[in-house]
Structure formats: structure tokens, C-alpha cells
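Take a look at the letters that make up each chain.
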There are 2 protein chains.
Amino acid sequence: MEKKNIAIIGLGLMGGSLALRLHEKKLASVLTGVDTNPAHARIAEEMELVDRVVPLEEAVADADVVVLSVPVNVIAELLPRVLDRVNRQIVIDLGSTKGEIVRTVDNHPRRGRYVAAHPMWGTEYSGPAAAVRTAFENKALILCNTADSDADAVDWTRLMFRKIGMHILEMEAVAHDLHAAYVSHISHITSFALANTVLEKEKEENTIFEMASSGFESTVRLAKSHPAMWVPIFRQNRENVLDVLNEHISQLKKFRSSLEKENWGYLEELIQNANGIRRILG
Amino acid sequence: MEKKNIAIIGLGLMGGSLALRLHEKKLASVLTGVDTNPAHARIAEEMELVDRVVPLEEAVADADVVVLSVPVNVIAELLPRVLDRVNRQIVIDLGSTKGEIVRTVDNHPRRGRYVAAHPMWGTEYSGPAAAVRTAFENKALILCNTADSDADAVDWTRLMFRKIGMHILEMEAVAHDLHAAYVSHISHITSFALANTVLEKEKEENTIFEMASSGFESTVRLAKSHPAMWVPIFRQNRENVLDVLNEHISQLKKFRSSLEKENWGYLEELIQNANGIRRILG
């Protein structure tokens, strides 16, 4: 696989982790970074995540590949501007939503140079210091609407993400956003709400801190996630998230009803049904 | 620490894991097991979790220490019967609820021999084959109502759990059940309900299976937990769980309202507030 000049726009958790993986797999001839946050840019340079940090225009002009790893509202704003400056380059975004983002460039004359991607990997932390050396490994990468991208751009993107350990799924952006609401977005809402439940009602934070088990930690850890990333995701995927959230509230009400009525047979049924998740989680 | 003859009643995840730890730390002169499920008894013998499996009466008569690691409804039923057969022995239960269990022996003439304990460790799996060699390590053990237990029984229990890597907290059973509703029981309800949400609405189970990220897995993995363990917990801690569940539903409705009204400032506030969980999780 020929090495390329790769520019990463946004040196946070995702961009920083991708930089680590590209270094390790020696996939970049030059790795440049762009970040409007001077603190993040400095940390990324100190960590040697990228060879150098440059302004957006310079990075795009020099690159063979441009990766957008910024919050989805910023992707929606930047993507058409980046495509305006592109001819031969491949442009890839890593956003957690896809519908609104692909629509921003539907009629762009360089639409073919763009590949819509969503790596199903992340943590609850943000910024370049949170970058993880084993990121993306054995996780799924979703590619969307590949029929609208040039074949060479899709082929290189598939190859690059395979090299860093991902397996590739393809689907339409509309289907992606529906599924993402189930396998990712709703988990964040329940975690945020669970954190607020505990913080609202439980005043003995020290006791909780000392008691907290791995079960508690695993259900609320996502609540540490940054609003600058998540508000735009919920905003772009509002309708799907609302549908799933409504269903989730009605499922919780079934548990409440079984407790209120002391209907233990019904509670058992609800739990047995939930055990069916083993089919999905393995 | 003098080795003791220890009987473990219930060779499931908890009892089996405790057996592994007692072996490793060489804390038992003899380790006997009791299990009414013949398959579990056989697996426990094959795995050499215990030296032998015997009937309850024989195990209690021979033991210095009796550990009850069965579902909380079975503990509530067994504990008075075991105390009836005890003189010098120490009896410890590992139940996830404490209020109803301690009440069953409040006026028992041998109440002093009993120590109420709850190790804040578990997994979503059950049965002896799920036993974990590193169980309990660096986790909290809650001891309740120790003023009602004989000093020698409490001292030995503290020492034993410290030897297997736990740190000890003490609180009243009533306070325990309130806190446990927050740090453990509600997490299981949200996980069960989240699993049911996905199973109800998302018909492409294969797609979800392939897409599932670590975030999804961590919020729903508890939904694999066994109803035979959890129905009795929710039943014994019904009032606390209902309180927390009501609060959780109203917190989720705030997220729904922010999405319905497209009030992104409010959504950001809700998430920022949830980020406060960092104070608790570290």
C-alpha cells in the first residue's frame, strides 16, 4: 500500500487515535494536523501525533487524503468548503451521524472524492491526550452511500481502515442513522440520564464513590462524554433518537408497573425477554 | 490467620468465585459446597472449586464458617434455618439486599453468629462455570448492622475479605438498600429496558450485532443477568428501586423534552450536569 500525505482535521480523541494507528502501521508519508484549539494543537505536537500542525488550507492543498474528525456540526460546515479546494484528494469524515452530512454535498461537483465513514469506536474521553494506541481494532467501520463516491477513493479508504484492524460494513446513510440511534446514541442518553438521577437524589456522593461496582461504572461511564460532541449528534439524528427514546421510556414504565403492582411473574417475563440480548452481544 | 473449615452454600458465580479466592489465599482447611442443582454441583466438583459437595445439614454441622451465596429470597428462607443449627460457627450472607434478610433473624437467639455482607462485585453471568479467579479484587465489601453480630465473627469476616483483596465499608442495612438501589439495582433495570427497547424496535439484529460498539455493550451487558437472581432483589428492595426508577424516568423525559422542543441549550445543560458523574467515577 503506497504511503500517502494524510491531513487530519481535528486532533481530538478520534483524530489523535487515528494518527497513532497510522504511525504504527506506517501508512502516511507525511502526517499533518489541523486544530483550531491552540492547546490541543500544542499537545498533539508534544505527543508527536502528527509531523506538524498547519492551517486548514495548507493541509488540504498538500494532502493526498483529508480526514475530518471534528464534531458533526463542524463536519457539516467544513465538508463543502474542503471539497471546494479538492481535485485529486480523498476526503473522509468520521462523524457519528451520516444523513445530514452527506446531504450537504449531494450536488457538489467533487462529491466523488468524498467517502462517508463512521468507525464504531470511541471512549468517553476527549482531546488528543485521550488518544488510544489500540483504537479501532476489531471494530466495525460503516461506509455510507459508496455509490456516490469514486471507486479509487472507496477502495483506498477500505484498505486503510482494514490495515488498522477494522472490518467494513456498507449501508445507506438513512439506515446508518437509524441503527446508530439504537447501538450508540440511546446508550449515551440513558447514561446521561442515569448520572443525573444519581446526582439529583443521592447526596452521599462519597458513599457511592466507595460502593460503586463495575456494573454501575459500565452503565454510567458514557455520561462523562462531552456535550460539544453529543449535542450536535442528537440534533442531527433528532427524529430517530426521539423514536428510540420514546420506546425506551415505555419499556421502563413496564418495569415500573410490574414493581408497583408487585406482579413478579411479569417482571420475570420482562427480564427473560431482555436476556435475548445475548443473541446480539454474544 | 488460622485456616477454617468453610462451607459455601450455593456454588454459582459468587460462591464459585469465592471458592477460587479461598483456595488461592489458602484460607480454608476444608472447603465444602452445597448446591441443590445437581448440574452445578457436578461442575463445581469437576472444576475442583470445593473439596466435596455434601447436603446442607452436614456442611453446616462440620463447618467453622458458613457462607450463603444464593439468591436473596433463598437467603431469607435459609438463614434462620441455618442459624437454628449453629452454635460456634460464623454465618455470612453475600446477598445484594440487606434489610429484609437481617429482619428474618432480628430476634434469633444466635443472631450474633451472623454477619450481613454484600461484596460489590459481580458479572452478568451465572453458575459455577462463570466463577472468576480475580473476583472481589479492589472492590468494596459492605458490612451491615455489625453491632448485632459477635465481635469475633465480624473480625474474622473483615480479615477474610481483606485477604481476598476487598476494602470494607460499614453501614446500616436500611442505608445499604437505599445506596444499592442507586449504584447497582437501577443500572440493571436500565440495562434490561434498553435491551428490550432494541429487541422490540430493531429488527435487523445481525446489523446491530455487527455494528455494536463498546459503548452499547457496556450499557446493555447487564441485561444478560439472570431473573432468578434479580426478581428477588427488586422484590426485596421494591420501594427504593421504585423511587430511583421514577426519578430516572423523569430525567429521561427532560432529554425527550429538550429534543422535542429543539432546545439545544437545555440539552447541553443536561449533559453538562451529567458530566458531574466524573466526581464519583473519578
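Every chain's residues receive numbers from 1 upward, in the order its sequence appears when written. Chain letters and ligand numbers both follow the written order, the letters beginning at A and the numbers at 1. Per-residue local features of the predicted model are confined to residues with pLDDT of at least 70, and side-chain atom pairs are confined, for both listing and counting, to 80 or more; whole-chain, interface and lining totals are unaffected and use all residues.

J.: Mind showing me how you'd approach the sheet that holds strand β1 (residues 4–9) of chain A here?
T.: One key point about sheets: their strands pair by backbone hydrogen bonds, in either a parallel or an antiparallel sense. Residues and elements named next belong to chain A. Strand pairing is assigned whenever DSSP identifies at least 2 bridges connecting the two strands. Helix and strand definitions follow DSSP, with helices as H or I runs of at least four residues and strands as E runs of at least two, each counted in order from the N terminus. An order of β3-β2-β1-β4-β5-β6-β7-β8 is seen for the eight strands of this open sheet, with the pairing classed as mixed. Strands at the two margins of the open sheet, each flanked by one partner only, are β3 (52–53) and β8 (167–171). Both β1 and strand β4 (residues 65–68) contribute to a ladder of four bridges, which runs parallel. Paired with A7 across the strands is V66, a residue of β4.

J.: Teacher, can you tell me more about the interface of chain A and chain B here?
T.: When the parts of a complex come together, some accessible area is lost, and that lost area is often used as the size of the interface. In this complex, chain A contributes 80 residues to the contact, which on the side of chain B involves 81 residues. Among the secondary structure elements, those contributing two or more residues to the side of chain A that touches chain B are β7 (140–144), α7 (173–201), α8 (205–211), α9 (214–220), α10 (227–236), α11 (238–260), α12 (264–274) and α13 (278–281) of chain A. Tallying contributions element by element places α7(A) first for the side of chain A that touches chain B, with 19 residues. Of the residues that constitute the side of chain A that touches chain B, the class distribution is 43 nonpolar, 19 polar and 18 charged. A pair of residues counts as a contact when their C-beta atoms, built from backbone coordinates, are separated by no more than 7 Å. Each residue is assigned to one class: nonpolar for Ala, Val, Leu, Ile, Met, Phe, Trp, Tyr, Cys and Pro, charged for Asp, Glu, Lys and Arg, and polar for all the others, Gly among them.

J.: Can you walk me through the domain arrangement of chain A in this structure?
T.: Residue and element names in this part refer to chain A. The domain architecture assigned to chain A consists of domain 1 (4–171) and domain 2 (176–281). Start and end positions for the domains come from either an automated domain assignment or a database one. Each of domain 1 and domain 2 has a C-alpha centre, and these two points are 30 Å apart. Contact residues are listed per partner, giving 14 residues for domain 1 and 15 residues for domain 2. Of all the secondary structure elements, the ones that give two or more residues to the side of domain 1 that touches domain 2 are α4 (72–84), α5 (99–103) and β7. Across the side of domain 1 that touches domain 2, the residue classes break down as five nonpolar, six polar and three charged.

J.: Please clarify how the relation of the copies chain A and chain B should be interpreted in this entry.
T.: Least squares is used to superpose the copies, and the fit set is the C-alpha atoms of residues whose pLDDT is at least 70 in both copies. Rotating chain A by 180° and moving it 0.0 Å along the rotation axis overlays it on chain B with an RMSD of 0.0 Å. Here the transformation between the copies is reduced to the relation of a two-fold axis. Taken together, the interface assignments show that 100% of the residues at the interface of chain A recur at the interface of chain B, consistent with an identical surface on both copies.

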